[in-house]
Protein chains: 2
Amino acid sequence: MAKNPPARGLGALIAHSLIILSVLVGAALGGNPVVVQYDFNVEYVYGAPDCLEHVVMGINGQFPGPTIRAKAGDTVKIRVTNKLHTEGVVIHWRGIRQVNSHNSENLSHVTLNTPWADGTASISQCAINPGETFTYRFVLDKPGTYFYHGHYGMQRSAGLYGSLIVDVADGLKEPFHYDDELNLLLSDWWHKSVHEQQIGLSSSQFRWIGEPQSLLINGRGQYNCSLAAHYSQSSLKPCNFNGGEKCAPQILHVQPNKTYRLRIASNTALASLNLAIGNHKLLVVEADGNYVDPFVVDDLDIYSGQSYSVLITTDQDPSNNYWLSIGVTGRKPETPQGLTLLNYLPNSASKLPISPPPVTPQWDDYNHSKSFSNRILAAKGSQTPPRFYDRRIILLNTQNTIDGYRKWAVNNVSLVLPSTPYLGLMKHELHHVYDQNSPPENFPTNYDIMKPPVNPNTTAGSGVYRLHFNTTVDVILQNANALEEKVSKIHPWHLHGHDFWVLGYGEGKFSQKDEWKLNLRNPPLRNTLVIFPYGWTAIRFIADNRGVWAFHCHIEAHLHMGMGVIFDIDGRNVKNIPPEALACGEIARTSIKKAKISNP
Amino acid sequence: MAKNPPARGLGALIAHSLIILSVLVGAALGGNPVVVQYDFNVEYVYGAPDCLEHVVMGINGQFPGPTIRAKAGDTVKIRVTNKLHTEGVVIHWRGIRQVNSHNSENLSHVTLNTPWADGTASISQCAINPGETFTYRFVLDKPGTYFYHGHYGMQRSAGLYGSLIVDVADGLKEPFHYDDELNLLLSDWWHKSVHEQQIGLSSSQFRWIGEPQSLLINGRGQYNCSLAAHYSQSSLKPCNFNGGEKCAPQILHVQPNKTYRLRIASNTALASLNLAIGNHKLLVVEADGNYVDPFVVDDLDIYSGQSYSVLITTDQDPSNNYWLSIGVTGRKPETPQGLTLLNYLPNSASKLPISPPPVTPQWDDYNHSKSFSNRILAAKGSQTPPRFYDRRIILLNTQNTIDGYRKWAVNNVSLVLPSTPYLGLMKHELHHVYDQNSPPENFPTNYDIMKPPVNPNTTAGSGVYRLHFNTTVDVILQNANALEEKVSKIHPWHLHGHDFWVLGYGEGKFSQKDEWKLNLRNPPLRNTLVIFPYGWTAIRFIADNRGVWAFHCHIEAHLHMGMGVIFDIDGRNVKNIPPEALACGEIARTSIKKAKISNP
């Protein structure tokens, strides 16, 4: 990144929460990177995500939070002020790797990385206490479709999220053409408060959160009615819809005969989604901020934590409008489709399409989903993975219990985070605060993944996997049967601080004979994968980003129940951590004693 | 306190949460003081305080929390572990002065005080973060009826409270006789969660919390039904009541012809209560942990934060049971009476009394309430106040607005606490973090307390009153009209770290001519006073306890809206503060920089 680049125009960077655009003046290097500043005040606000009033966690009075938009190579500074009353808060910048590198293909020389800005409570930083302000500062390392969200307790599910879009650096171009773009941030919504959801999950009388009441598109849904009610035998009444209703969906206005880039990101807490647009094909061009080899589909699966860009061409009958629908897949849906309209201008936005919305594929049609996943391959010319791995860790995903409490575990360890962030514990060598034994690298060979665990008891643990810097690591995520017979769930796993290559998917237990199935030629780079029921997914990544990084199921309730692991990649040698990132817990206590200012 | 007293029996100290009774062996001094330890795990639990299931903040799975019981002079150690998910927590030990003195009449020699153990977030300590444990350690300085509760956000209202009872030291006797005792911890309960209550209060579209749905006695009430339904024209249906119902009130079992001490403490968030027992007189003997000149009443007013002991004699017809009722006073009540039974053994506990429950006095019969307040005088032989004050501060209580937000203010300053606790800011001289100007000592002489404020705008402030150590301070609390015409509310004000003498009450604006009304002969010592609508209340105290202490309206919503002030009494020179009490915010940041361990 250029330290002293020349000024550039404000352009599209003006936003409600964008306070200052600091432009450093000096010699240019690369695409004129700048420093873009935002002020985020996190507080609860009254909202009505699905038309029913509900308390929602917002930013600057908005839900979803303001969209962050800047160019690759820019530095973003976000001053987050916690205006909650008793809760801490952090914000994770989803898909941003926290490396000070612009489109780098080899991160091994990156020393000025910013793992302390990853926004994961108990891992990368202390939660920001009520009344405090914490400044995140990081480089947008590559263009793409990202988002941000809370990463403490289940605050992501409470509404703490927004879009983060990184444009290509000045002078560079996306490898595809489009006339304009539309942004779709997808989520799911419950009427039960997140506090109650958490308590139910953590109680000895376990209470599952259930299916969401509504699916939201850009924070909007409609409960207890359907825009498409009169097309079908739906028991839902038609929604009021004349345009302009506070609760109406955000309409997607398009001009006929143009190409649009739809940026689609899923921040669901639980739901895996399938998205389709009536009469329109989707050309998939980007996944998780990485270009893919373009391919055409009628509908797109998107798991929690993932993002895509698809191109659509508005070449259909311009006198009609068209549905955009999202529906639940991978779990028996009890939530109505989320709907909005692709409004061909100059048609009225309130004109409903002539046919019903696209039908979401059967929820358990996993072949449909696997077929989609297998079509995602790296764009031509992308970096290929190293041919060999230095270490392979196999992670068995199981549902378990501890003293009657329901948990998820990985190789029979259910993750419990320490109250002092790992990054600080590594940095200051405060190793007594977390489990010193690393969790297992594998699971017993005789474990039958097709059956419920013979012994459902598991243990809680805070141990970490220590990965050597700059080594190549394979992880095989192995799915299994849950506690109940004949149940195996979908899990979307997300890795912090790195992209990984998805080498392949398979059925049953991964074994030597599956080795040949791994794609080392053109596997896609991503940050969130999916494991299908009773299957495995193999990934490879280079541990080239110093820090302490979570790798976890992106289903909010599953992470809360322990479904994650921690990778320490030479966290000891991370430089330039702002003191305020670690000013809590054992680090603060130790420092006060060392500074001898408390008991003079 | 004896440093090395001999062992003594465990006696009544055994309790669910009482983990260890450390008995130090050595030379005795005074009443064989010991160290009593408790482990408190704070977490949300499913409860049903008024028979409707609701999430409630509990301790060790219980609501209300376990009763703490020990003897005057004992040291109590309470290890509080925060098992909440994203919220900090503290616990305030209500009425405990945090002085290391047993029944001292002159605290001026107290240097080993423990203001850091007062359990007030942002004032005496950092909130305990999720997963962390903090150990409170303090001496029970005098016998009495106390309680404990959360003092962060509105957690007290969420259910974080329990009883704290201090018996006289071994070898000493209470100055009155009783055969046995009964404990009544009173509170009020809302169905709307405390999070939602807080958001409504803090919103620019102000939403008042409304009247409580239920009144609770020892954490139990009955919603939407009345035990006494069939006595009256009540629209409520009768409650199920055969004895043994989970939701039935806790029955007070008594033997005929005995004397019982009723310990009554009010932890209401809002309601001022009136308590009566059918057919029985109440002999008031203790107020806020101080003996009073005994007097007999038919019913007793108790404001939020106060406690009393009353003696009753079970000399009524032993074939009947009798009602104990609590009802709302001082605000137009919309909450049914709270009821339980005084069960004369061996009668069945489910036998209802022959007559309806006592009628709560008309809510706005302030003469009744003032008459009660005026009867409270110090027990003979009690310490009298100094004849002269060194400083008199007059505090005008007004309802105001800031940028459209509804607030309460004191001398036109609405209190906003800093995120780093004051005690640490004084100790470490970090004065840039709070307002350096002290708030005003008085209000403009032309202010008309009978009218709404002419200019309702107020300012937020975090300044403190600096009281010189060992000086005598008078505070005149002056009530006024709220924002709405002809409305002036009751406010119970509570002082931390000290008892004060209540010198008197008066109508209208306090002036020179009221001076003669002040009682310097036998004013009662208390820690919580009441100001009546359009009236004033005068108190005097000796600022002999080093620390930073809150003085605030004990109505949870009013404090949340800024109704309080801060007294700094030589906080700079407090000794022996455990580092973990202050390991947050500016103190932690400063220490980390000083210790130079973050950026080696």
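Note: the structure precedes this text.
Reading the values: rules and limits
- Residues numbered from 1 in each chain as written.
- Chains lettered and ligands numbered in written order.
- Predicted model: local features only at pLDDT ≥ 70, side-chain atom pairs only at ≥ 80, totals over all residues.
- Heavy atoms only, no water.
- Phe/Tyr/Trp six-rings, centres within 6.5 Å; stacked < 30°, edge-to-face > 60°.
- Helix = DSSP H or I, 4+ residues; strand = E, 2+ residues; numbered from the N terminus.
- Lys NZ or Arg CZ within 6 Å of the ring centre and 35° of its normal.
- Least-squares fit on C-alpha atoms with pLDDT ≥ 70 in both.
- Contact = heavy atoms within 4.5 Å.
- Axes fitted to C-alpha atoms, helices over the stretch in contact; angles between N-to-C directions.
- Parallel < 35°, antiparallel > 145°, perpendicular 65-115°, else oblique.
- Left-handed = near helix turned anticlockwise from the far one by under 90°.
- Nonpolar A, V, L, I, M, F, W, Y, C, P; charged D, E, K, R; others polar.
- 1 Å grid on protein atoms, 1.4 Å probe; cavity = no way out; pocket = protein on both sides within 12 Å on 5 of 7 lines; lining within 4 Å.
- Points joined across faces, edges and corners; volume = space filled by probe spheres on them.
- Pairing = 2+ DSSP bridges.

S.K.: Even after reading the chapter, I still don't get the packing of aromatic side chains, so can you show me in this structure?
M.R.: For any two aromatic rings, the description comes down to two numbers: the centre-to-centre distance and the angle of the planes. Summed over the entire model, instances satisfying the criterion amount to 52 aromatic pairs over all chains. When the ring of A:W93 is compared with that of A:Y148, the centres are 5.5 Å apart and the planes differ by 50°; the resulting orientation is tilted. Linking A:W93 in strand β6 (residues 91-94) with A:Y148 in strand β8 (residues 144-150), this pair joins segments that are 55 residues apart in sequence. The structure contains a cluster of three or more aromatic residues connected by ring pairs, namely A:Y38, A:F40, A:W93, A:W116, A:F134, A:Y136, A:F138 and A:Y148. For the cation-ring pair, B:R207 lies above A:Y46, with the distance from its terminal atom to the ring centre recorded as 3.4 Å.

S.K.: For this particular structure, what's the right way to read the relation of the copies chain B and chain A?
M.R.: Related by rotation about an axis and a shift along that axis, the two copies of the chain form a pair. In screw terms, the move from chain B to chain A is a rotation of 180° and a rise of 0.0 Å along the axis, fitting with an RMSD of 0.0 Å. Taken together, the turn and the small shift mark the pair as related by a two-fold rotation axis. Residue B:E87, judged by its C-alpha, is the member of chain B lying nearest the rotation axis, at 2.0 Å. Comparing contact sets, 98% of the residues at the interface of chain B also lie at the interface in chain A, consistent with an isologous, same-surface contact.

S.K.: What's the story with the packing of helix α5 (residues 585-595) of chain A against helix α5 (residues 585-595) of chain B in this structure? I'm lost.
M.R.: Contact geometry of α5(A) with α5(B) gives a least axis separation of 8 Å together with a crossing angle of 60°. For the element pair α5(A) / α5(B), the angle class is oblique. Considering how the two elements wind past one another, α5(A) and α5(B) form a crossing that is left-handed. Contact residues: α5(A) offers A:I587, A:A588, A:S591, A:I592, A:K594 and A:A595, while α5(B) offers B:I587, B:A588, B:S591, B:I592, B:K594 and B:A595. Classifying every residue of the contact of α5(A) with α5(B) by side-chain character gives eight nonpolar, two polar and two charged.

S.K.: How should empty space enclosed by the protein be read in this particular structure?
M.R.: Empty pockets left among the atoms are what a rolling probe the size of a water molecule brings to light. Under the counting rule described, the total for this entry stands at 12 cavities of 30 Å³ or more. Roughly 320 Å³ of internal volume is contained in the largest cavity. If you go around the largest cavity, you meet 26 residues; those closest to its centre are A:N129, A:C584, B:N129, B:A583 and B:C584. Among the secondary structure elements, those contributing two or more residues to the lining of the largest cavity are β7 (133-139) and α5 of chain A together with β7 (133-139) and α5 of chain B. The volume enclosed by the second largest cavity comes to roughly 70 Å³. Among the elements that make up the lining of the second largest cavity, the one with the highest residue count is strand β35 (residues 564-569) of chain B (three residues). Residues belonging to the lining of the second largest cavity are distributed by class as follows: eight nonpolar, four polar and no charged.

S.K.: Which parts of the structure should I look at to understand the pairing of strand β18 (residues 290-297) of chain B?
M.R.: Strand residues, when the strand is regular, have side chains that alternate between the two faces of the sheet. All names here are of chain B. Strand direction decides the pairing type here: strand β17 (residues 282-287) and β18, joined by five bridges, are antiparallel. Across the sheet, the residue bridging to L283 is V296, located in β18. Taking the residues that link successive antiparallel strands as the turn, the β17-β18 hairpin has two residues, and the phi of D288 there is positive, at about 50°.

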